[in-house]
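What follows is the residue order along each chain.
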Amino acid sequence: SNVYGLSVEALIGTCFLDRFAGNERRQYASKMIATATLNQVRHLHQSGKPLFVDIRISPSEYSGQKVLLVTSSDITKRLEAEQQLIQASKMATLGEMATGVAHELNQPLSVIKTTSSFFLRKFDKREPVEQAVLASMLAKVDSNVDRATRIIHHMRMFARKSDQTLERVLVNEVLRSAFEIFSQQLKVRGIAVQWDLADDLPKINANAQRLEQVFINLLLNARDAIEEKWLQQGQGSEPDHIAIRTGHRAQKVICCICDSGIGIPEELADKIFEPFFTTKEVGKGTGLGLSISYGIVQECGGRISAAPRKGGGTCFTLSFKKASPERDTPVMEADNGRR
């Protein structure tokens with residue numbers, strides 16, 4: 001009763017589904033019958049404010065009827081603290097990405113500058129500009145302004161606080177979005193990118209904004225691992241690369257991000273997800289990126305692991321449960337919702 005701001009008397013005789021927002025009751029009615037635990041569920045306090053709870057469900061009998069015994073644990077404050085940590089990690093990541101974003105914006109700005117300089121020279125010399133040339137160059141300016149706008153909008157969206165809600169998302173789309181702001185800086189460094197994305201990938205339940213943060217952290221790590229290899233061993237005859245692969249088997253969606261960088265010793269493969277553990281030199285990195293990535297993947301009901309890559313480098317493997325098909329679910333009977 002303390003969780004919801006109601007007295008015991010006020011709760012007796014009510015349906016537990018009333019604690020959910022109206023548009024979510026049908027969805028959770030079916031879930032409560034089919035599962036024993038529901039994590040990070042959004043409920044409503046008596047005041048109308050949302051709160052988050054972990055729910056434990058066990059079938060039982062009461063007065064000769066089959067009922068569900070339900071226990072709710074308020075985790076709102078814990079999630080708020082985690083949210084602050086995730087946001088702090090985002091800001092640190094944005095700082096690391098600043099140079100890369102400058103590279104990404106430099107290319108469209110160069111196209112715009114070249115075009116404007118061309119027209120100014122023509123006007124100064126009072127030379128005519130063919131209509132086809134004018135249309136072609138203005139189209140390039142227009143498309144590059146759109147590209148710069150997308151990059152800036154992307155950064156602003158990334159910096160915003162994200163909520164804890166999960167939705168059905170396509171991993172391939174989140175991967176491409178995360179990579180968008182890295183393509184130019186990797187190209188400038190001479191780091192090749194090998195794509196192998198499955199076209200028929202099922203959707204997963206995730207928060208797209210937070211999952212993008214995971215992929216950005218992994219891409220940053222891959223870039224840093226390759227640059228660390230260059231510092232220690234120099235650049236070889238073969239270009240170093242990052243390989244991005246997705247696929248699915250059984251009820252799992254699999255994503256692998258591998259690099260040909262310096263690699264990690266096998267005995268450290270599990271430790272790198274611990275908070276503040278880092279193999280980078282002092283002053284570089286926060287030691288939080290992989291730890292927070294681990295937590296975000298777990299939020300999505302997934303798993304992440306790292307292992308040395310055959311031939312050198314590191315491979316991060318992420319696996320997620322395939323999302324259930326969208327469908328209407330029956331409303332739970334009031335007797336099954338007793339608390």
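Here we summarise the structure given alongside this text. Predicted model only: the values in this text are computed from it and were never measured.

### What about the state of the cysteines?
Enumeration over the complete set of coordinates arrives at one disulfide. Free cysteine C255: the closest other cysteine sulfur is in C256, separated by 6.6 Å.

### Let's talk about the pairing of strand 10 (residues 314-321)
Most of strand 10 is tucked away, with six of its eight residues classed as buried. Note that strand 8 (residues 252-259) and strand 10 share eight bridges and pair antiparallel. Bridging across to strand 10, I257 finds its partner in F316. Relative to strand 10, strand 9 (residues 303-308) runs antiparallel, the two being bridged by six bridges. By the bridge assignment for strand 10, S305 is matched with T317.

### Some thoughts on the sheet that holds strand 2 (residues 50-62)
In a beta sheet, neighbouring strands pair by backbone hydrogen bonds and run either parallel or antiparallel. On the basis of which strands lie adjacent, the open sheet formed by three strands has the order 1-2-3 and antiparallel pairing. Only two strands of the sheet have a single neighbouring strand rather than two, namely strand 1 (37-44) and strand 3 (65-74). Averaged over all pairs of adjacent strands, the angle between strand axes in this sheet comes to 45°, irrespective of strand direction. Judged from the 10 bridges that link them, strand 2 and strand 3 form a sheet pairing that is antiparallel. Its bridge partner lying in strand 3, S60 is registered against V67.

### Overview of the pattern of salt bridges
According to the stated counting rule, one finds six salt bridges in the structure shown. A salt bridge links D224 to R223, with the shortest nitrogen-to-oxygen separation between them at 2.9 Å. The residues D224 and R223 share a single accessibility class, namely buried. With a closest N to O distance of 2.9 Å, K229 and D240 form a salt bridge. Of this pair, K229 sits in helix 7 (residues 208-233) while D240 sits in the loop between helix 7 and strand 7 (241-249), placing them 11 residues apart in sequence. Each member of the pair, K229 as well as D240, is classed as buried.

### Topic: the sheet that holds strand 10
Pairing within the open sheet is mixed, and its five strands lie in the order 5-7-8-10-9. The sheet is open, and its two borders are formed by strand 5 (192-196) and strand 9, each paired with just one other strand. Sheet twist, expressed as the average angle between the axes of neighbouring strands with direction ignored, equals 15°. By the bridge criterion, five bridges tie strand 5 to strand 7 in an arrangement that is parallel. Paired with V193 across the strands is I242, a residue of strand 7.

### Points about the side chain of T314
Note that T314 resides in strand 10. For T314, a relative accessible area of 4% corresponds to the buried category. In contact with T314, not counting residues within four places along its chain, are I257, C258, D259, G263, I264, A306, A307 and R309.

### Quick look at the packing of helix 7 against helix 8 (residues 289-299)
Axis separation between helix 7 and helix 8 bottoms out at 9 Å; the angle between their running directions is 145°. At the point where helix 7 passes helix 8, the crossing takes the left-handed sense. Residues R210, L211, Q213, V214, N217, L218 and N221 of helix 7 pack against G289, L290, I292, S293, I296, V297 and E299 of helix 8.

### Some points on unusual backbone geometry
Note on backbone geometry: most residues besides glycine have negative phi, and most peptide bonds are trans. Of note in this structure, R126 is not a glycine but carries a positive phi near 55°. Its place among the elements puts R126 in the loop between helix 3 (76-124) and helix 4 (131-159). Phi at A250 takes a positive value of approximately 55°, unusual for a residue other than glycine. In this structure, A250 sits in the loop between strand 7 and strand 8.

### Let's talk about the packing of helix 5 (residues 171-180) against helix 7
Following both chains from N to C, one finds helix 5 and helix 7 inclined at 55°, their axes separated by 9 Å at the closest point. As the angle between them shows, helix 5 and helix 7 are arranged oblique. The hand of the helix 5/helix 7 crossing is right-handed. Taking contact as the criterion, the partners of V171, V174, L175, S177, A178 and F179 in helix 5 are, on helix 7, A208, L211, E212, F215, I216 and L219. Tallied by class, residues from the contact of helix 5 with helix 7 come to 10 nonpolar, one polar and one charged.

### Focus: the nonpolar core
In terms of nonpolar packing, the biggest core is built from 46 residues, with F215, I242 and L318 touching the most fellow members. Looking at this core element by element, the count peaks at 10 residues for helix 7. Setting aside chain neighbours within four positions, we find I242 in contact with L186, I191, A192, V193, Q194, L219, A222, R223, I226, I257, C258 and D259. Counting residues in hydrophobic clusters, the runner-up holds 19 residues, among them Y4, Y28, I57 and V70.

Cut-offs and rules
Residues numbered from 1 in each chain as written. Predicted model: local features only at pLDDT ≥ 70, side-chain atom pairs only at ≥ 80, totals over all residues. Heavy atoms only, no water. Disulfide = S-S within 2.5 Å. Buried < 20%, exposed > 50% of the residue type's maximum accessible area, 1.4 Å probe, protein only. Helix = DSSP H or I, 4+ residues; strand = E, 2+ residues; numbered from the N terminus. Pairing = 2+ DSSP bridges. Axes fitted to C-alpha atoms, helices over the stretch in contact; angles between N-to-C directions. Salt bridge = Lys/Arg side-chain N within 4 Å of Asp/Glu carboxyl O. Contact = heavy atoms within 4.5 Å. Left-handed = near helix turned anticlockwise from the far one by under 90°. Parallel < 35°, antiparallel > 145°, perpendicular 65-115°, else oblique. Nonpolar A, V, L, I, M, F, W, Y, C, P; charged D, E, K, R; others polar. Core = buried A, V, L, I, M, F, W, Y, C linked by side-chain atoms within 4.5 Å.

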